[in-house]
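Structure at a glance
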Amino acid sequence: MAWAVPALGWALLHFVWQGLIVGAVAALLLRLLRRASPRRRYAVCALALFMCLCIPLIHLTWSLIQAGDSPPSPLSMALPAWRRELLVRMPALVVAWSLGVGLMTLRLSLGLVWVSRLRRHGVFAPELWQDRLDALALRMGLRRRVPLKLHAALSSPVTLGFWRPIVLLPAALLTGMPVAMLEALLAHELAHVRRWDYLLNLLQSLVEALLFFHPVVWWLSTRMRIEREHVADELAAQALNDPGRLALALHELSLQAPAPQPGLILSARGGPLFRRIERLLAPPPETASWKLALPALLLACAALSIQSPGPKPAHDVSAANRPRLSVNARHVLVLDENGGKILMSKDADIVVPIASLTKLLTAMVVLDAGLDPAEKLRIASGDMDAGAQDGALLSAGSEVPRATALRMALMSSENRAAAMLARTYPGGGEAFAQALRAKIRSLGLTRTTITDPTGAAPSNTSTATELAMIVAAAARYPEIAEFTSNRQAEVAVNGLARELRNTNPLVGGKGWNILLSKTGSSSAAGRCLTMRMRSGDRNVTVVLLHAEDSEQRSLDAGRIRDSLAHAGESQLHTLF
């Protein structure tokens, strides 16, 4: 057994280049299958990871058999100098690898202990929710009963175990999320149970521990976990027959702060949430068959080999052929405030209704008057008719300070607050209307018409271009920037504490640095959004008008944010 250590060392060294080949082939296949089902990409990652484990094992076995069949010659006679030098260092290499494996195994063991504690400290969910989970399990073809437990330390549902799997549910979600959305998340976890994903994830972690030194192993493992979540989403959406419900649940989950957790547990929060939501709402078209990938590749190589000679510019691609960013909103403008450069534009000069985006102008006119922010204002009967709203906080006779009314109009888009601010303007509603028209002229807006301070009237119209100008003016008011960039706030209405929530769910979300924001919605205007946000080292104004619904509006904003983060400066203006 004297050659066992060198044989192991050579197997590890050879796997450095062998693993690179496996990774290159896997990357090519994943590229060719980018529009195929996530199950196929998952299978590619799993097979490649399995090969990464088998290759050094086969090499080690073959080396030991060879050493047993024919005793090795003396070093000085049989091997070149560089190989002898490596052989001398093989024991140290194997010891270093063993230490790494030991540390990774310790990490894995601590994760298993943490998982075991989660299982023990969970309390059984109410029978009603266990019945819901059982019904979902039957719908998804699971014959065994999966217990449902509650745990206060989690931020999303998780799956634990493979022989006796359980689903742990955050206690806060039981009362803080609609039933339909919570059922969608539970369906996602049951998809993991159905596919024995916990066991596969555990085996995957063992491969990571043994081959911790190779970056290809970690890349394959990460891609495998991402595709696993896509597959679970696909199965859950099929069981629910409603992909949109799962997308909404994931979006709601993305707004909550994640709790730390080891990679062993399977969580609904796993993988890039935004990409998962986008795939559920707008799945990419699949190719006719993945088997066409290889012939297509060969044809492409043949075409390259017979093309006419002569150098071509590296970037000889017309703007018409460049990939375009797909957005749901009908009118879009993205402006780099630092240089005043339009980065993206889509029908930005068409006049359309703007709904509650109007309130930015209303707030500026009120603040320009220099009125006492602490003065108490009372809701009158006329204010009650200002645009019907669900969940309005102000009723007839409600009394709030002017600053609170302004916050409510901007942050939670309270129509009655905006109407009251206009009515109590010095000189009354007519004087407010005159001041509003003067403000529009002073800003140089020629295509903006405002007839109502709340935005409820469809006659309130503007363009995406002029709304960017309105945002730039509003940003000069600290009160507007503060009120619209807070996720939530507490105010007093008639002496009672009431909570306000920003109508833009992206405010305060992970990955967002929003400096000013205002949403709007009506049957005529659709779903609108305008905001200033920080992107890298620049401030950017985004205007989205007439999206189909709030979810599509948020997805549009996310696509724009991601394109700004990843596209080059020369590409930005061609993304629409």
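Residues numbered from 1 in each chain as written. Predicted model: local features only at pLDDT ≥ 70, side-chain atom pairs only at ≥ 80, totals over all residues. Heavy atoms only, no water.

Some points on the overall build of the chain
Across its full length, the chain carries 19 helices and 16 strands. The buried share among the 576 residues of the chain stands at 48%. Considering only residue pairs separated by 6 or more positions, the chain has 69% of its internal contacts joining residues 24 or more positions apart. Carbon and sulfur atoms provide 60% of the accessible area of the chain, an area that totals close to 27700 Å². (Helix = DSSP H or I, 4+ residues; strand = E, 2+ residues; numbered from the N terminus. Buried < 20%, exposed > 50% of the residue type's maximum accessible area, 1.4 Å probe, protein only. Contact = heavy atoms within 4.5 Å. Areas by Shrake-Rupley, 256 points an atom, 1.4 Å probe, with all protein chains shown as cover.)

Digging into the sheet that holds strand 14 (residues 514–522)
Taken in spatial order, the five strands make up an open sheet running 7-6-16-15-14, and their pairing is antiparallel. Strands with a single pairing partner mark the edges of an open sheet, and in this sheet they are strand 7 (341–346) and strand 14. When the angles between neighbouring strand axes are averaged without regard to direction, this sheet yields 5 degrees. Pairing of strand 15 (residues 526–535) with strand 16 (residues 538–547) involves eight bridges; the strand directions are antiparallel. Bridging across to strand 16, Met531 finds its partner in Val542. In the packing of helix 17 (residues 464–474) onto the sheet, the strands contacted are strand 6 (331–336), strand 14, strand 15 and strand 16, and the crossing angle to strand 16 comes to about 135 degrees. (Pairing = 2+ DSSP bridges. Axes fitted to C-alpha atoms, helices over the stretch in contact; angles between N-to-C directions.)

A closer look at the state of the cysteines
One way to say it: the disulfide is the covalent bond shared by the sulfur atoms of two cysteines. According to the stated counting rule, one finds zero disulfides in the structure shown. Sulfur of Cys54: no disulfide; nearest cysteine sulfur belongs to Cys52 and is 9.5 Å away. The exposure class assigned to Cys54 is buried, which follows from its relative accessible area of 19%. (Disulfide = S-S within 2.5 Å.)

A look at the pattern of salt bridges
Scanning the entire structure with this criterion turns up 18 salt bridges. Note that Arg407 and Glu482 form a salt bridge whose closest N and O atoms lie 3.8 Å from each other. With Arg407 in helix 14 (residues 402–411) and Glu482 in helix 18 (residues 478–484), this residue pair connects regions lying 75 residues apart in the sequence. Residue Arg559 pairs with Asp556 through a salt bridge whose shortest N-O separation is 2.9 Å. Here Arg559 and its partner Asp556 are both found in helix 19 (residues 550–566), three residues apart, which amounts to about one turn of the helix. (Salt bridge = Lys/Arg side-chain N within 4 Å of Asp/Glu carboxyl O.)

Digging into empty space enclosed by the protein
One pass over the structure, following the stated rule, counts one cavity of 30 Å³ or more. Computed from the structure, the largest cavity encloses a volume of approximately 50 Å³. Surrounding the largest cavity, eleven residues form its lining, Gly161, Phe162, His192, Val193 and Trp196 being those nearest its centre. Of all the secondary structure elements, the ones that give two or more residues to the lining of the largest cavity are helix 7 (179–194) and helix 8 (197–210). (1 Å grid on protein atoms, 1.4 Å probe; cavity = no way out; pocket = protein on both sides within 12 Å on 5 of 7 lines; lining within 4 Å. Points joined across faces, edges and corners; volume = space filled by probe spheres on them.)

Focus on the pairing of strand 16
Of all ten residues in strand 16, ten are buried; the element is thus mostly enclosed. Between strand 15 and strand 16, which follow one another and run antiparallel, lie two residues, and Gly536 among them has a positive phi close to 65 degrees.

Points about the packing of helix 1 (residues 4–32) against helix 9 (residues 215–240)
Where helix 1 meets helix 9, the axes come as close as 9 Å, and the angle between the chain directions of the two elements is 30 degrees. By the criterion of interaxial angle, the relationship of helix 1 to helix 9 is roughly parallel. Read as a crossing pair, helix 1 and helix 9 show a hand that is left-handed. Seen from helix 1, the contacting residues are Phe15, Gly19, Leu20, Gly23, Ala26, Ala27 and Leu30; seen from helix 9, they are Val216, Val217, Trp219, Leu220 and Arg223. (Parallel < 35°, antiparallel > 145°, perpendicular 65-115°, else oblique. Left-handed = near helix turned anticlockwise from the far one by under 90°.)

Quick look at the environment of Pro56
Relative to the elements of secondary structure, Pro56 occurs in helix 2 (residues 38–69). Since its relative accessible area comes to 10%, Pro56 is described here as buried. For the pair Pro56 and Leu12, spaced 44 residues apart in sequence, the C-alpha separation works out to 6.4 Å. What Pro56 contacts, discounting residues up to four positions off in sequence, is Ala11, Phe15, Met51 and Leu211.

Things to note about the packing of aromatic side chains
One pass over the structure, following the stated rule, counts four aromatic pairs. Pairing Phe15 with Phe213 gives two aromatic rings, centres 6.2 Å apart and planes at 85 degrees, and the pair type is edge-to-face. Pair noted here: Phe15 is in helix 1 and Phe213 is in the loop between helix 8 and helix 9, with a separation of 198 residues, a long-range link. In this structure Phe15 comes out as buried when scored by relative accessible area, which is 0%. Residue classification places Phe213 among the partly exposed residues on the basis of a relative accessible area of 30%. Ring centres 6.5 Å apart and planes at 25 degrees place the aromatic pair Phe162 and Tyr198 in the stacked group. With Phe162 in the loop between strand 3 (158–160) and strand 4 (166–170) and Tyr198 in helix 8, this residue pair connects regions lying 36 residues apart in the sequence. The ring of Tyr42 has Arg195 sitting right over it, with the charged end atom 4.9 Å from the ring centre. Sitting above the plane of the Trp512 ring, Arg561 keeps its charged end 4.4 Å from the centroid. (Phe/Tyr/Trp six-rings, centres within 6.5 Å; stacked < 30°, edge-to-face > 60°. Lys NZ or Arg CZ within 6 Å of the ring centre and 35° of its normal.)

As for the nonpolar core
Formed by 56 residues in total, the largest nonpolar core has its most connected members in Leu360, Leu361, Met364, Ile480 and Leu545. Here this core takes seven residues from helix 17, the largest share from any one element. The contact partners of Ile480, leaving out residues within four places of it in the chain, are Leu360, Ala363, Met364, Leu367, Leu410, Ala474 and Leu516. Residues Leu169, Val207, Leu211 and Leu250 belong to the second largest nonpolar core, which totals 51 residues. (Core = buried A, V, L, I, M, F, W, Y, C linked by side-chain atoms within 4.5 Å.)

A word on helix 5 (residues 127–139)
Look at helix 5: 18 Å from first C-alpha to last across 13 residues, which is about the 18 Å you get at 1.5 Å a residue. All buried positions along helix 5 are accounted for by Trp129, Gln130, Leu133, Leu136 and Ala137. Buried positions in helix 5, seen along its axis, are confined to an arc of 120 degrees and lie on one side of it. Those residues of helix 5 that are exposed and aimed more than 90 degrees away from the buried face are Glu127, Leu128 and Leu138. (Expected span 1.5 Å × (residues − 1). Arc of directions from axis to C-beta.)

Remarks on unusual backbone geometry
Phi at Ala355 takes a positive value of approximately 50 degrees, unusual for a residue other than glycine. Within the secondary structure, Ala355 sits in the loop between strand 8 (352–353) and helix 13 (359–368). Overall, Ala355 belongs to the buried group, its relative accessible area being 2%. In the Ramachandran plot, His546 falls in the positive-phi region, its phi being about 60 degrees despite a non-glycine side chain. Positionally, His546 belongs in strand 16.

In short, shape yes, function no, at least from these values alone.
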